[in-house]
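Descriptive structure summary
So you can see what is in the structure, the chains are spelled out below.
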Amino acid sequence: MTETRFDPSSADGRWQRAWHEAGTFTADSNSDKPKSYILEMFPYPSGRIHMGHVRNYTMGDVLARYKKMQGYEVLHPMGWDAFGMPAENAAMEKKVHPGSWTRSNIEAMKEQLQRIGFALDWTREFATCDPEYYGHEQALFLDMYASDLVYRRSSEVNWDPVDMTVLANEQVIDGKGWRSGAEVEKRKLDQWFLKITDFADELLDGLGDLKHWPDKVRLMQENWIGKSQGLEFSFDLSNGQKLPVYTTRPDTIFGSSFCAIAADHPIAQALATDSAEVTDFIEECKRGGTTAAALETAEKLGYRTPITARHPFTGEAMPVFIANFVLMDYGTGAVMGVPGHDQRDFEFATKYDLPIARVVAADPAQASAPMGGEAEAGDGVIVNSDFLDGKSVDDAKADVITRAESGGWGEGKTVWRLRDWGVSRQRYWGTPIPFIHCAKCDIVPVPKDQLPVTLPDDVDFETPGNPLERHPTWKHTTCPKCGGAAERETDTLDTFTNSSWYFLRFASQPADAPFDPAEIAKWMPVQHYIGGIEHAILHLLYARFWTRALSHIGKFDVKEPFAALFTQGMVTHETYSLGDGSWLSPDEVRKDGADWTRIEDGAPVTSGRVVKMSKSKKNVVDPDNIIANYGADAVRWFMLSDSPPERDLPWSESGIEGCYRFVQRLWRLFGHYDPAATGEDKALARKAHQAIVAVAEDIEALGFNKAVARIYELTGAAEKAAPSESRNFAIRAILHLIAPMMPHLAEEAYSVMGESALIADAAWPAHDPAMLVEDEVTIAVQHKGKLRDTLTVPKGAPKEDLEALALASEKVQRSLDGAEVRKVIVVPDRLVNIVT
RNA sequence: GCGGGUGUGGCGGAAUGGUAGACGCCGGGGACUUAAAAUCCCCUGAUCUUUGAUCGUGUGGGUUCGAUUCCCACCACCCGCACCA
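Cut-off values and rules
- Residues numbered from 1 in each chain as written.
- Chains lettered and ligands numbered in written order.
- Predicted model: local features only at pLDDT ≥ 70, side-chain atom pairs only at ≥ 80, totals over all residues.
- Heavy atoms only, no water.
- Near = heavy atom within 4 Å.
- Polar contact = N/O pair within 3.5 Å; in protein donor to acceptor, adjacent residues only side chain to side chain.
- Helix = DSSP H or I, 4+ residues; strand = E, 2+ residues; numbered from the N terminus.
- Nonpolar A, V, L, I, M, F, W, Y, C, P; charged D, E, K, R; others polar.
- Core = buried A, V, L, I, M, F, W, Y, C linked by side-chain atoms within 4.5 Å.
- Buried < 20%, exposed > 50% of the residue type's maximum accessible area, 1.4 Å probe, protein only.
- Contact = heavy atoms within 4.5 Å.
- Pairing = 2+ DSSP bridges.
- Arc of directions from axis to C-beta.
- Axes fitted to C-alpha atoms, helices over the stretch in contact; angles between N-to-C directions.
- Parallel < 35°, antiparallel > 145°, perpendicular 65-115°, else oblique.
- Left-handed = near helix turned anticlockwise from the far one by under 90°.
- Salt bridge = Lys/Arg side-chain N within 4 Å of Asp/Glu carboxyl O.
- 1 Å grid on protein atoms, 1.4 Å probe; cavity = no way out; pocket = protein on both sides within 12 Å on 5 of 7 lines; lining within 4 Å.
- Points joined across faces, edges and corners; volume = space filled by probe spheres on them.

**What to know about the protein's contact with RNA strand B**
- RNA strand B sits among 68 residues. The nearest are Asn-169, Glu-170, Arg-425, Ser-643 and Asn-833.
- One nitrogen or oxygen atom from the main chain of Asn-169 is found 2.6 Å from a sugar or linking oxygen belonging to RNA strand B.
- Residue Thr-778 places a main-chain N or O atom 3.1 Å away from a base oxygen belonging to RNA strand B.
- Per-element accounting of the surface near RNA strand B gives the leading share, six residues, to helix α22 (residues 704-720).
- Looking at the surface near RNA strand B residue by residue, the classes come out as 25 nonpolar, 20 polar and 23 charged.

Here it is, written out as structure tokens:
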């Protein structure tokens, strides 16, 4: 082979066509091979593929290609999470239809993905905005309704009082509507809910079986579900009513100095009917949006009602407040305030000058120690609490619950932090909720033979609000029950619904049903699921819930959708800004020595922190330009190199150049493959066998950066070696090891070596276990834990020999300087540590 | 505010209780060349009294013969918080 350069601009497309024509990556569910379903979180078609997508899909692609080489029938599909707000925003800004905007984005992004050479089964592609897809989703929603997993209730939304429209949390900026700038309010609407709380226990327990999920994600889900044991009991109120409260800290009941109820608590609402002051306060509580962060960082506000609550043990009369930090949705919508041992209560009590008592202390002697500037939520012994004094927190909890239950005024109760999933969205570009409102028959499901309920095409986005609501004809229909005039539901489903079952539709897509249980059984669960850590809770919990709910209603027998989860880091880039704080994109700037300047006019540029690539900071690099310059394989290699895949990956121009150089370096090495070479090079052969095993282990553990480093090492060794059979073995090994990572280069070299088949169909190279073992090891010799010398010894040398050799070392003797040896620690094949 | 994570040379990182800095990038020196590109070779944590030694894995403590790794506290940054996807 002559010393040519590898030319990605011709090779990439050629091999991509070859795979397409051969159907190399089309999954055959009837294959005898073991099955492996590799899935990356499908993209939202925002317009262009970004580097984050490239990283995500490259990782999945390496796994898919590797699994295929290991003899699996691989399902590696791709589709589009196509409903969502950005399409409506585009409609408003650019006067395009959300559907056509989405479709053209999909077309462009699909082409981009194909240029990177991903091993995807495009025969299974779909978009969630396809009526076939969302029609099946509507059918599943109706099945859930029939199984009592769907209901309606009133719930709060962010309301823009100027635009008269519901706002997403993202559209609320510093408490104001993004378009109108008006201060946002909370408003109640009747909305659709899915009963995820019915599965709280199962979703919590199921985490224990997810052995191949990151611990952090399981912990986050566990905390999100938030199972807590506590006491529900009622205070007798001065107005004769009872006030049920829930607390996770019944042990601190003697420290209670007030009660607080939510603004929409019935007692607060009742007080408002004859008090303008209360009405005003409740109005005040409606200010601001609905996010947890906004609620919890907002100033604690309270209104002291004339009502008092009687403490169940002391009989003391405690004030009852209406407070903005109590949520009607959690527990009973009322709490007992224990300022000494709850930080929120502490702040509230400080503000309203309420008693702050210590009822938990480090030890009984500290019973009268003053409270510091904050609540003490930690463990300890109970003090100042009558019969509870001296008990541990846990014992006191149990004691109070027992007394409440035997006294008949309360009971131990499990409460979940998890709330039911509100799926109603007052927007156009989503799955229409398949129900009809009839004045006579109330709420009536759309009969299944009338599905899909499709979105109308003729909609306008000139006015704020839901176009479905305003549409002249769409919502007017007849009641399926009584035949009278009726109206369609105009809410659409949360887009998380679309992503809660798409992996099932990839596995099987019959026309007349959402999926085929027999096909589901073949492919599910997904063996490797890869996506961003930002989905650790919501998407993954909703997908787990849908799988369990569908399993519960008998659709199939799969409990958990994703056997293994991997959360990859973001792609980041340096930021560039001018003196006025405006951002510049990487291709607008140039480095002059140590300083950065704007290419256009030489204006000085400040290079800033390395952060996630984002349009707002302009620090984005377009994958298309990079592929055009360096080819797909260099980009793929960059995505796998250096940074561990779960961490952020900083993009750099010099890094991609290095990757491109390595592509060419490999091409030259493959060119030195010499079938006529003879002779053995045992050291190189051993390195090659070790690399075959190590790279496989690294890929299976998704340690791509380590696999890359090992390939560099073996490549360096093979380059330096003289021609031999061993060297040929090493070169062929490298070719196969890089095949999942740099598939175009691998195919080209494979073909040049005279192979007529595709390397994508080749098997992972075999290794000889006898070749993995080293004869010699280098061990460390330490004195007092510090390295003094190293020794090269036969592997498995006995302890006594190692000790004697270590003590004989000149460097060690110098360090010992005649001191008495008290102890020698010997770890065979690793080190000797001499203690004096 | 609450929940979760991360922190090692100029940069990305390796080492998960046993030789800190593998591998890559940047930088420096050299070879080849009329020259350049490409390629190849060598050096590259800091300090010092430099054939050697000391220091060094965010900060401060602790456990251990031995800690980047385990424990406690703190600091900084990142992710999520239920209508962004």
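**Some details on the nonpolar core**
- Counting residues in hydrophobic clusters, the biggest one holds 172 residues, and the most contacted among them are Tyr-37, Tyr-502, Phe-503, Trp-651, Phe-670 and Met-741.
- Once residues within four sequence positions are removed from consideration, Tyr-502 is found in contact with Leu-39, Glu-40, Met-41, Phe-42, Phe-126, Tyr-133, Tyr-529 and His-539.
- Leu-271, Ala-272, Val-278 and Leu-301 belong to the second largest nonpolar core, which has 38 residues in total.

**Details of the pairing of strand β30 (residues 604-612)**
- Where strand β26 (residues 571-577) lies against β30, six bridges are found, and the strand directions are antiparallel. For Ser-577, the partnering residue across the bridge sits in β30 and is Thr-606.
- Where strand β29 (residues 595-598) meets β30, two bridges bridge the pair, whose relative direction is antiparallel. Of the residues in β30, the one forming a bridge with Thr-597 is Pro-604.
- Linking two consecutive strands that pair antiparallel, namely β29 and β30, is a turn of five residues; a positive phi of about 70 degrees is found at Gly-602 within it.

**Focus: the environment of Asp-420**
- Assignment of secondary structure puts Asp-420 in the loop between β16 (410-416) and β17 (421-422).
- Each residue touching Asp-420, except ones within four places of it in the same chain, is listed here: Tyr-151, Phe-193, Leu-194, Lys-195, Ile-196 and Thr-197.
- At a separation of 2.6 Å, a polar atom in the side chain of Asp-420 contacts the side chain of Tyr-151.

**Description of the side chain of Thr-715**
- Within the fold, Thr-715 resides in helix α22.
- Since its relative accessible area comes to 0%, Thr-715 is described here as buried.
- The residues touching Thr-715, leaving out its near neighbours within four places in the chain, are Phe-662, Arg-665, Leu-666, Leu-669 and Ile-734.

**Quick notes on helix α7 (residues 215-225)**
- Regarding α7, the residues found buried are Val-217, Arg-218, Gln-221 and Ile-225. Down the axis of α7, the smallest arc covering the buried residues is 100 degrees, so these residues share one side.
- Packed against the buried residues of α7 are α6 (200-206), β8 (227-237), β16, α17 (538-552) and β25 (565-568).
- One or two steps after α7, the chain reaches Gly-226, where phi turns positive at roughly 60 degrees.

**Some details on the sheet that holds strand β22 (residues 485-488)**
- Pairing in this open sheet of four strands is antiparallel, and the strands run β20-β19-β22-β21 from one edge to the other. Strands with a single pairing partner mark the edges of an open sheet, and in this sheet they are β20 (442-445) and β21 (476-478). Each strand of the sheet is rotated relative to its neighbour by a mean of 40 degrees, with strand direction disregarded.
- Both β21 and β22 contribute to a ladder of three bridges, which runs antiparallel. Residue pairing across strands places His-476 opposite Glu-487, the latter belonging to β22.

**Digging into the packing of helix α19 (residues 632-640) against helix α20 (residues 653-671)**
- Where α19 meets α20, the closest approach of the two axes is 8 Å, and the angle between their N-to-C directions is 120 degrees. Relative to α20, the element α19 lies oblique. In this structure, the crossing between α19 and α20 has a hand that is right-handed. For the pair α19 and α20, the contacting residues are Asp-633, Ala-634, Val-635, Trp-637 and Phe-638 in the first and Gly-655, Ile-656, Cys-659, Tyr-660, Phe-662 and Val-663 in the second.
- Residues belonging to the contact of α19 with α20 are distributed by class as follows: nine nonpolar, one polar and one charged.

**Description of the pattern of salt bridges**
- Inspection of the entire model under this criterion finds 46 salt bridges.
- Among the ionic pairs, Glu-748 bridges to Arg-14, the shortest N-O distance being 3.0 Å. On the criterion of sequence distance, the pair formed by Glu-748 in helix α24 (residues 743-752) and Arg-14 in helix α1 (residues 8-22) is long-range, its members being 734 residues apart.
- Of the residues examined, Arg-14 reaches a relative accessible area of 35% and is grouped as partly exposed.
- Ionic pairing is found between Asp-624 and Arg-115, a salt bridge with its closest N-O pair at 2.8 Å. Placement of Asp-624 in helix α18 (residues 623-630) and of Arg-115 in helix α4 (residues 98-115) is noted, with a sequence separation of 509 residues between them.
- Taken together, the shared-partner salt bridges in this structure form one network comprising Arg-48, Glu-111, Arg-115, Asp-622 and Asp-624.

**Focus on empty space enclosed by the protein**
- Taken as a whole and assessed by the stated rule, the structure comprises one cavity of 30 Å³ or more.
- Together, Arg-65, Lys-68, Met-69, Ala-739, Pro-740, Pro-743, Glu-747, Ile-759 and Ala-760 line the largest cavity.
- The residue makeup of the lining of the largest cavity, split by class, is six nonpolar, no polar and three charged.

These figures come from the coordinates and say nothing about function on their own.
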